[in-house]
Amino acid sequence: MAFSKIAVAVPRVYLGDTNNNLKEICGLLERASREGAGAIVFPPDAVCGATCADLGRHPLMREAVKRAEDSVKQRADELSIAVVIARSDSLEGVEIIREAVPETVTSHRRRLARYRDASKGKILVYCSAGYGESTGDGVYSGDAFVFEDGVLTAQSRRFCRESQLIFATRGGESVGEVKDCPETADTDPHPFVPDDKGECAERCREILDIQTTGLTSRLEAIGCSKAVIGISGGLDSTLAVLVTCLAFDRLGFDRKGIITVTMPGFGTTGRTYSNALTLMRTLGTTVLEIPVGPAVLQHFNDISHPADLRNSAYENAQARERTQILMDIANDRDGIVVGTGDLSEAALGWCTYNGDHMSMYGVNCNVPKTLVRELVRYASLTLFRECGSTLLDIVETPISPELLPAEGGSIKQKTEDLVGPYELHDFFLYHFVRHSRRPSEILRLAQSAFTGSYDRATIEKWLRKFIWRFFSQQFKRSCSPDGPRVGSVCLSPRGAWSMPSDMSPVEWINDLQ
């Protein structure tokens with residue numbers, strides 16, 4: 001190449017706002033010129049954002065993009081710096097990869113390893129979309145790096161809210177080691193949770209970063225500084241409030257803007273109630289307690305439902321009353337409801353339609369239950385030690401929606417007694433969605449993976465339950481809220497998983513005969 005120093009830029013994106021993006025880009029151009037760079041590379045669609053979707057192809061946006069890119073070219077000519085910003089731009093002697101792909105837990109390490117090997121004998125520049133892109137279904141980390149003959153010579157800081165500029169000098173020294181990403185064995189009983197403690201901690205850090213960035217970006221994009229969360233004293237709502245605290249801390253918002261609401265119902269136990277209150281107070285959020293019993297009983301009376309008839313209406317009325325409370329508080333306080341439901345619940349449809357199924361942004365929506373537990377455990381030992389004992393007790397609490405009255409003060413309605421062990425369902429989900437394996441093969445792998453824990457009959461029983469629920473509950477996933485993708489398994493209806501709500505599972509069930 002004709003220049004000895006190259007800059008790689010990751011501008012903070014204002015989605016669909018070419019004027020603000022032009023200011024960010026020109027600022028980076030000028031800084032690169034001052035630092036002596038002979039060329040600068042930007043992510044794809046940097047002048048409008050790569051996630052404009054159909055509106056990015058609208059004539060009005062295409063015209064605005066053309067004007068902005070022409071302005072960038074003109075400024076680059078004035079500064080005598082080569083620029084890669086339009087789709088057709090290139091640099092002689094340099095391989096350039098520009099992408100707009102959501103970050104997942106292993107994608108960064110896999111990407112580094114792949115391009116390290118691909119850069120032998122040449123210079124390779126990688127630049128991807130960053131903060132400010134839509135976080136509707138994924139988080140764009142702003143990953144950027146330069147390899148020269150297999151040596152990593154420059155690297156960005158991912159999940160950064162501000163614009164970044166990195167520099168690589170020809171023949172530069174290494175800035176870091178590239179580690180290969182370990183593969184998940186087919187018979188690993190917990191494919192979402194690494195066995196190695198160090199690997200597990202790294203995965204937890206990465207997921208929390210993705211979740212936090214997703215919520216941070218959404219709050220900034222809509223100009224919102226209030227969040228409303230229902231706190232049950234269970235795993236999912238705990239992880240959601242921890243992520244929300246991290247997002248507020250990153251934005252410099254007062255945690256009192258997080259309105260945490262505990263809503264005791266007919267099945268609430270002393271253990272979960274106490275943990276919910278302790279957690280909210282320790283985190284320093286605004287605490288509200290609103291029992292749902294009186295409103296639900298009034299609703300039963302309105303619809304002529306006997307209060308002692310404990311059917312699905314009895315249970316779901318409580319979930320929907322809680323959601324109504326959260327939504328109305330959010331409207332009243334100019335906030336958003338942060339959803340708590342996880343990936344395993346979405347796969348099984350273990351949620352109340354238009355109840356806990358609904359929110360304005362679901363931070364846990366692509367995190368499986370087995371990993372939710374590890375994330376809360378990790379948080380108790382690292383980022384939230386001040387409430388560590390409470391978090392560890394929540395980890396040990398049996399999973400329950402607590403919609404049926406307790407017996408002797410203890411949880412009566414244990415989810416895993418009703419739908420099956422989550423470790424089995426997460427194993428089924430991983431192999432069914434990630435590898436498109438047929439049920440008979442999943443059964444065979446599960447028998448090997450869970451030898452000594454579950455016999456064949458038990459595994460097959462819950463696998464049949466998984467298949468039936470996965471198919472019958474698609475209608476809930478078809479209208480799920482926005483939320484960040486974190487791994488290779490995602491059930492978002494907006495591109496990740498397409499499936500009709502009225503499809504029969506008969507072929508999959510028959511495969512087990």
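I will try to describe carefully the structure that is included in this document. In this text the structure is predicted, and so the values were computed from the model without any measurement.

Cut-offs applied
Residues numbered from 1 in each chain as written. Predicted model: local features only at pLDDT ≥ 70, side-chain atom pairs only at ≥ 80, totals over all residues. Heavy atoms only, no water. Helix = DSSP H or I, 4+ residues; strand = E, 2+ residues; numbered from the N terminus. Rg over C-alpha atoms; globule rule 2.2 N^0.38 Å. Buried < 20%, exposed > 50% of the residue type's maximum accessible area, 1.4 Å probe, protein only. Contact = heavy atoms within 4.5 Å. Areas by Shrake-Rupley, 256 points an atom, 1.4 Å probe, with all protein chains shown as cover. Phe/Tyr/Trp six-rings, centres within 6.5 Å; stacked < 30°, edge-to-face > 60°. Lys NZ or Arg CZ within 6 Å of the ring centre and 35° of its normal. Pairing = 2+ DSSP bridges. Right-handed = clockwise from strand over helix to strand, strands pointing away. Axes fitted to C-alpha atoms, helices over the stretch in contact; angles between N-to-C directions. Core = buried A, V, L, I, M, F, W, Y, C linked by side-chain atoms within 4.5 Å.

## Quick notes on the overall build of the protein
Looking only at helices and strands, the protein features 17 helices and 13 strands. Taking 513 residues into account, the globule formula puts the C-alpha radius of gyration at 24 Å, and the protein, at 25 Å, falls close to it. Its C-alpha atoms give the protein principal-axis dimensions of about 80 × 55 × 45 Å. For the protein, with 513 residues in total, the buried portion stands at 55%. Residue pairs in contact within the protein that sit at least 24 positions apart in sequence constitute 73% of those at least 6 positions apart. Accessible surface for the protein amounts to roughly 21700 Å². Of this, 47% is attributable to carbon and sulfur atoms.

## Looking at the packing of aromatic side chains
Scanning the entire structure with this criterion turns up 18 aromatic pairs. Seen from their ring centres, Phe427 and Phe450 are 5.5 Å apart, and the 75 degrees between their planes marks the pair as edge-to-face. With Phe427 in helix 13 (residues 422–434) and Phe450 in the loop between helix 14 (439–449) and helix 15 (456–472), this residue pair connects regions lying 23 residues apart in the sequence. Note on Phe427: relative accessible area 0%, which makes it buried. A relative accessible area of 3% means that Phe450 is categorised as buried. Taken together, the ring pairs connect Phe428, Phe432, Phe466, Phe470, Phe471, Trp497 and Trp508 into an aromatic cluster. Stacked on the ring of Phe167, the Lys or Arg Lys5 has its end atom at 4.9 Å from the ring centre. Lying across the ring of Tyr14, Arg12 places its NZ or CZ 4.4 Å from the centre.

## Quick look at the pairing of strand 9 (residues 227–230)
Alternating residues of strand 9 divide into Ala227 and Ile229 and Val228 and Gly230, and every residue in both groups is buried. Alignment of strand 9 against strand 10 (residues 258–262), held across four bridges, turns out to be parallel. Paired with Gly230 across the two strands is Val261, which belongs to strand 10. Assessed by its sense of winding, the connection that carries the chain from strand 9 through helix 5 (residues 235–251) to strand 10 is right-handed. Where strand 9 meets strand 12 (residues 336–339), two bridges bridge the pair, whose relative direction is parallel. Counted as the bridge partner of Val228 is Val337 from strand 12.

## Observations regarding the sheet that holds strand 12
Spatially, 11-10-9-12-13 is the arrangement adopted by the five strands of the open sheet, whose pairing is parallel. Both outer strands of the open sheet, strand 11 (286–289) and strand 13 (361–362), are each paired with one neighbouring strand and no more. With four bridges joining them, strand 10 and strand 11 adopt parallel strand pairing. Counted as the bridge partner of Val261 is Leu288 from strand 11. Helix-sheet contacts for helix 4 (residues 197–222) involve strand 12 and strand 13, and the interaxial angle to strand 12 is about 165 degrees.

## Re the nonpolar core
Of all hydrophobic cores here, the largest spans 82 residues; its most connected members are Phe384, Phe428, Leu429, Phe466 and Phe470. In terms of residue count, helix 5 provides more of this core than any other element does, 11 residues in total. If near-sequence neighbours (up to four positions away) are discounted, Leu429 is found in contact with Leu343, Ala347, Arg434, Phe466, Phe470, Val489 and Leu491.

## So, the sheet that holds strand 2 (residues 39–41)
Across the sheet, four strands lie side by side as 3-2-1-8; this open sheet has mixed pairing. Edge positions in the sheet fall to strand 3 (82–84) and strand 8 (164–169), since each of these pairs with one other strand and no more. Strand after strand, the sheet turns through a mean of 20 degrees between neighbouring axes, direction not considered. Two elements, strand 1 (residues 5–10) and strand 2, share three bridges in a ladder whose sense is parallel. Bridging across to strand 2, Ala7 finds its partner in Ile40. Strand contacts of helix 1 (residues 18–34): strand 1, strand 2, strand 3 and strand 8, with the helix running at about 30 degrees to strand 8, the strand carrying the most contacts.

Scope: geometric values only; no functional claims are made or implied.
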